[in-house]
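Fold and geometry: a report
As a plain string of letters, each chain reads:
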Amino acid sequence: MIPLSLILLPFVAGILSFFVKSDNGSKQLALFFSIATLAVMLLGLCVFNQSAYHHFDVSWLVSLGSRFTIGLDGMGKMLCLLTAISFPIIIAATYNNKYKSTNNFYALLLLTQAGLMGVFVAMDGLLFYFFWELALIPVYFLCSQWGGEKRIAVTFKFFIYTFIGSLLMLVGLLFLYYKTPQHSFAIKDLYNLHLAASEQNFAFWLFFIAFAIKMPIFPFHTWQPDAYEQSPTAVTMVLSGIMVKMGIFAVLRWLIPIFPDAAAKYGQLIIILSIIGIVYASLIAIKQDDVKRLIAYSSIAHIGLMCAAIFTMNSIGLKGVMLQMFSHGVNVIGLWIIADAIEQQLGTRKFSELGGLAQKAPTLAILLVVLAFANIALPLTNAFIGEFLMFNGLFQYNVYFAAIAGVGIILAAVYTLNMVQKVLYGNTTTITENAVEISGNVKWMLAIITIMIIVFGVYPQPMIDLTKDTVQALIK
Amino acid sequence: MNAIIFSALLGVVMMFSGILTTNKQAIKNIALVCLTLLLVANLANHYEWYSIKIDTKQMFSFSKYGYFFNTIAITATLLYVFVSGDDIVKVGSYGAEYFALIFFVLCGVTILSGYNNLLMLFLGIEIMTIPLYILTGSDKKNLHSNEAALKYFLMGAFSTGIMLMGIALLYGSSGNFGIETVVNITAGTLMKVPILEVIGLMFIFVSMLFKVSAAPFHFWTPDVYDGAPSVFTSFMATIVKSAGFIALITLFANKSEELGKLWNILLVIVIIATLLVGNITAVFQQSVKRMLAYSSIAQAGFMLFALYSKNDIARDGILLYTSAYSLATIGTFAILIKMDDHSINGYNGLAKSQPLLAATQSIFLFSLAGIPLTAGFFAKYFMLASVIRTGGSAAVYLVIIGVLFAAVSVYYYFKVIQAMYFKEGSAATSKITPNFKFALLVIAFLIILFGVMPDTLLGLFYF
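Residues numbered from 1 in each chain as written. Chains lettered and ligands numbered in written order. Predicted model: local features only at pLDDT ≥ 70, side-chain atom pairs only at ≥ 80, totals over all residues. Heavy atoms only, no water.

1. Observations concerning the overall build of chain B
For chain B, the count of helices and strands is 19 helices and zero strands. By the compact-globule yardstick of 23 Å for 463 residues, chain B fits well, its C-alpha radius of gyration being 21 Å. The principal-axis extent of the C-alpha atoms belonging to chain B is close to 65 × 55 × 45 Å. Counting over 463 residues, chain B shows a buried share of 62%. Partitioning the intrachain contacts of chain B with sequence separation of at least 6 by distance along the chain shows that 81% fall at a separation of at least 24. (Helix = DSSP H or I, 4+ residues; strand = E, 2+ residues; numbered from the N terminus. Rg over C-alpha atoms; globule rule 2.2 N^0.38 Å. Buried < 20%, exposed > 50% of the residue type's maximum accessible area, 1.4 Å probe, protein only. Contact = heavy atoms within 4.5 Å.)

2. Looking at the overall build of chain A
Along chain A, the regular secondary structure elements total 21 helices and two strands. In terms of its C-alpha atoms, chain A occupies a principal-axis envelope of roughly 70 × 55 × 45 Å. Burial status across chain A gives 66% buried among its 476 residues. Considering only intrachain contacts with a sequence separation of at least 6, the fraction spanning at least 24 residues in chain A is 83%. Put simply, chain A shows about 16100 Å² of open surface, and 66% of that area lies on carbon and sulfur atoms. In chain A, 26 side chains carry a positive charge and 21 a negative one; their mean positions are 1 Å apart. (Areas by Shrake-Rupley, 256 points an atom, 1.4 Å probe, with all protein chains shown as cover. Lys, Arg positive; Asp, Glu negative; His and termini not counted. Charge placed at Lys NZ, Arg CZ, Asp CG, Glu CD.)

3. What about helix α3 (residues 64–90) of chain B?
With 27 residues, α3 of chain B extends 37 Å from end C-alpha to end C-alpha; this agrees with the ideal 39 Å at 1.5 Å per step. Helix geometry: α3 of chain B is bent most strongly at S84 of chain B, by close to 75°. (Expected span 1.5 Å × (residues − 1). Bend = angle between axes of the 7 residues up to and from the residue.)

4. A look at the interface of chain B and chain A
Contacts between chain B and chain A engage 35 residues on the former and 35 residues on the latter. Between chain B and chain A the total buried area reaches about 3100 Å² when both faces are included, carbon and sulfur atoms providing 82% of it. Linking chain B with chain A are zero salt bridges, by the criterion used here. Between the two partners, chain B and chain A, sit three residue pairs in polar contact (both at pLDDT 80 or more). Secondary-structure elements contributing two or more residues to the side of chain B that touches chain A are α15 (355–369), α16 (375–389), α17 (393–422), α18 (434–452) and α19 (454–461) of chain B. The leading source of residues in the side of chain B that touches chain A is α17 of chain B, at 15 residues. Class assignment for the residues of the side of chain B that touches chain A results in 29 nonpolar, two polar and four charged. (Buried area = accessible area lost by both parts, 1.4 Å probe. Salt bridge = Lys/Arg side-chain N within 4 Å of Asp/Glu carboxyl O. Polar contact = N/O pair within 3.5 Å; in protein donor to acceptor, adjacent residues only side chain to side chain. Nonpolar A, V, L, I, M, F, W, Y, C, P; charged D, E, K, R; others polar.)

5. Some thoughts on the nonpolar core
Counting residues in each nonpolar core, the largest one holds 374 residues, and the members touching the most others are F211 and F311 of chain A together with L121, Y381 and F414 of chain B. No fewer than three residues from each of domain 1 (1–258) and domain 2 (284–476) of chain A sit in this core. With sequence-adjacent residues up to four places away left out, Y381 of chain B is seen in contact with L64, L126, L170, L174, Y177 and F185 of chain A. (Core = buried A, V, L, I, M, F, W, Y, C linked by side-chain atoms within 4.5 Å. Domains from an automatic or database assignment.)

6. A few points about the packing of helix α4 (residues 102–121) of chain A against helix α5 (residues 125–134) of chain A
Residues and elements named next belong to chain A. For the pair α4 and α5, the least separation of the axes is 8 Å and the interaxial angle reads 150°. Viewed along their axes, α4 and α5 adopt a mutual orientation that is roughly antiparallel. α5 is crossed by α4, and the crossing has left-handed handedness. Each of G115, G118 and V119 in α4 lies in contact with α5, whose residues at this interface are F128, F131 and W132. (Axes fitted to C-alpha atoms, helices over the stretch in contact; angles between N-to-C directions. Parallel < 35°, antiparallel > 145°, perpendicular 65-115°, else oblique. Left-handed = near helix turned anticlockwise from the far one by under 90°.)

7. Let's talk about the domain arrangement of chain A
Residues and elements named next belong to chain A. Taken as a whole, chain A is organised into domain 1 (1–258) and domain 2 (284–476). Once you take the C-alpha centre of each, domain 1 and domain 2 turn out to be 23 Å apart. At the junction of the two partners, domain 1 supplies 46 residues and domain 2 supplies 42 residues. Buried surface at the junction of domain 1 and domain 2, both sides included, amounts to about 3600 Å², of which 76% is carbon and sulfur. On the domain 1 side of the contact with domain 2, M78, I89 and E229 bury the most area, a combined 17% of that side's loss. Seen at the junction of domain 1 and domain 2, the total is three salt bridges. Here R349 and E229 are joined by a salt bridge, their closest N and O atoms 3.6 Å apart. Here domain 1 and domain 2 share 13 residue pairs in polar contact (both at pLDDT 80 or more) between them. Among the secondary structure elements, those contributing two or more residues to the side of domain 1 that touches domain 2 are α3 (74–93), α9 (197–214), α10 (224–230) and α11 (233–255). The element that contributes the greatest number of residues to the side of domain 1 that touches domain 2 is α3, accounting for 13 residues. Taken together, the residues of the side of domain 1 that touches domain 2 break down into 29 nonpolar, 12 polar and five charged.

8. Describing a nonpolar patch on the surface
Residues and elements named next belong to chain A. On the surface, L8, F11, V12, I15, L16 and F19 cluster together into a nonpolar patch covering about 550 Å² of accessible area. If you trace the backbone, V12 turns up in helix α1 (residues 2–18). Note on V12: relative accessible area 40%, which makes it partly exposed. (Patch = residues over 30% accessible without salt bridge, like charges linked within 9 Å, V, L, I, M, F, W, Y side chains within 5 Å.)

9. Notes on α17 of chain B
Residues and elements named next belong to chain B. The first and last C-alpha atoms of α17 sit 42 Å apart over 30 residues, in line with the 44 Å expected at 1.5 Å per residue. At Y413, α17 shows its largest kink, close to 30°. Counting buried residues in α17 gives 22 out of 30 residues, a clear majority hidden from the surface.

10. What about the packing of helix α13 (residues 312–338) of chain B against α18 of chain B?
Residue and element names in this part refer to chain B. Two numbers describe how α13 lies on α18: the axes approach to 10 Å, and their chain directions differ by 155°. As summarised for this structure, α13 and α18 are arranged roughly antiparallel, according to the angle between their axes. As for the relative orientation of α13 and α18, their crossing is left-handed in sense. For the pair formed by α13 and α18, the contact residues are L327, A328, I330, G331, A334, I335 and K338 on the first element and F436, L440, I443, L446, I447 and F450 on the second. When the residues that make up the contact of α13 with α18 are grouped by side-chain class, the tally is 11 nonpolar, one polar and one charged.

Following this line, the structure appears as structure tokens:
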């Protein structure tokens, strides 16, 4: 019942929110239901942790061989937890932002949450495809309606890109469906498929392109910086904090186990692409003058590392990916919250117009520095554990790859510290002269994120334990 | 048989109702009642409650499949009159006659869903299209409408001529009009088939492609769809086109095995050309009506997949496809008729002034684009699945080409959504009645229902 409520709670709240007339009412409703979803998730992890509560199955589309099967495994639990934690933080941190037709904004945001939860719990190919698409539609509306100046064209590019990807995935799914002896979309039937090498090699790409666009890895990333920059920041948080994890997650759940041979065959090519992406995105990030674009490129670099680590296919690398999916989600949301706080207050995101904020807003400065350290993956932050494990995995796979990807860490330090320096230190400019401290809700949300960064940086064991079963299944 | 007889009779009833009353509202209501009667008559056949028995000398072969298609066509017409009835009577001063012609078209449609003889195919096509020529030109003071009617008539008559010639050649070769006997004697490859039959079949095929507006026989479509009064374009693009597909599939579905490889190559060329022409041209349209005309060509390309794969899934799928496509298109046209400006910019800001219209229009467009949880998704799904089912890598490549074009179609369908939701403007509409909104909601509800549970629709068939 837990996975079902994780989908239904935000879904119902989203539908309700369309009909709430007052702005404050819809905000409170969204906050309440996102916290309720988090509560359900925590209950599911701590109290109702028997497997009976974590699976749900009803018949649906019988004649097509598809069932409404949802369930939580280790990785699913972790990503649902990430989603459940992120939404209250996002909603609370941007609580004071003003939107036109607030009720629709929050309704679509909650529907996105429902879609994301669905993606992470779906245990049936067709159902997965449904949620994969449905998570996209509300985001399309959110970005197109509330985004920046160029929002319509940019969001459309993003939408078409991902739509092409998912249609190719649909072809792949159908292809697999007719290969299963009993014509079924159930995940275990797909796992039990024994495809010929040529079939694997072919269908692998149908799936992988869809996931590569979503992550995104080089050279499918061109939609991403624009989309992140133009979206309203609350949506950017969802996009980069959670939605890109859909791609990583899908590779782990729907690609590697179904096409193990093809994954091994093309793994090296994909790792090379990912590493190119890491270095390339990091270099571009150094050149950026806009906080949002910098975080966007830095995000491409981080995702590239995760993708490379997946295809090393060793247990240490995969453990790192699991940890890093959660850590990156939390950290990047923290960075966006700061970017949003600065933009809301000062009306600019350009480094060249910022400076000296440390004098005016010391709390913001401290929190930004912690987040920056996490972004560079300094020891004692959560990202360090994940990146260390991933580099370790990459090192075992190929020393040279690890070395080149390692350049990414150095470059990350360059651009992140450069950002910290230009935003926080130096002399105040005409814009930052009258800057004041960040508001209470932002402070508290960033504090929560900081606590998570340090706690999981010192004691990552709970996360490793949570996803142990998935890693073991993948290695086997 | 019930549906054929009743549709013809009720058409006559409609014609006479024009003498008894000139009240437009009353005429529309009579039409609704008659359509309901027709639906009941067809269902009586389907569920074997009552059926009129006439010895047709095997010129017809009625099956549940045909009845089911009739049900879809009649229900779609019912919804169409329900949502656009007021606009039908507004076209000119002959409200009752328009409805009578619609009933005659339905008579042709029901013949096409049950024919077993090439003569009946010919009769069905003629009965279906001749009233359409009139409906196209019904806005008689409008030059565009006149031009469209004349163009449609000339081209249509020409293509029917070609069909007739094909039928004659087949008859000359086999001495028979029955569709089973005509082609089934030709076991083996296309090369072994008598040349008369090959040419005859090709003629019929070309003529049918013309009727369903597949490339390269599509040139009449944009002009006729654009020139005809929008209400009748809606009818032509949905119910009539679907009937064309059913006729095409009845004729060729069992035969393409014997027609061999060459046939498949020919069909693949037609499919790709249709998808290409329809989708790419639709991208550049500024007028929503013309865009819909090209998109109807593109959708025909998808429906042709059923002809390529010709398995059970394709047969079920084409029913789902025609219903999904008809519902969405009827809804879209109903809204288009209410708009003052038919260009895409004319929709700017519709979400502000008419939120319900914009929301339902989005659902219709989602369905046409094939977004999950709408009927259109499963329509496309069945088409793709049926082709992949045939196996072989050629099939998968064909499907990949298909989905890439589906992505192109998202581009032009979503331009309307962008205009409605994200652009500033004051979209002006004529008066919107609560009834109209209700009808739109019903259509949107059906689209979502079939999108969540397509089993329900197909379940009716396997009842």
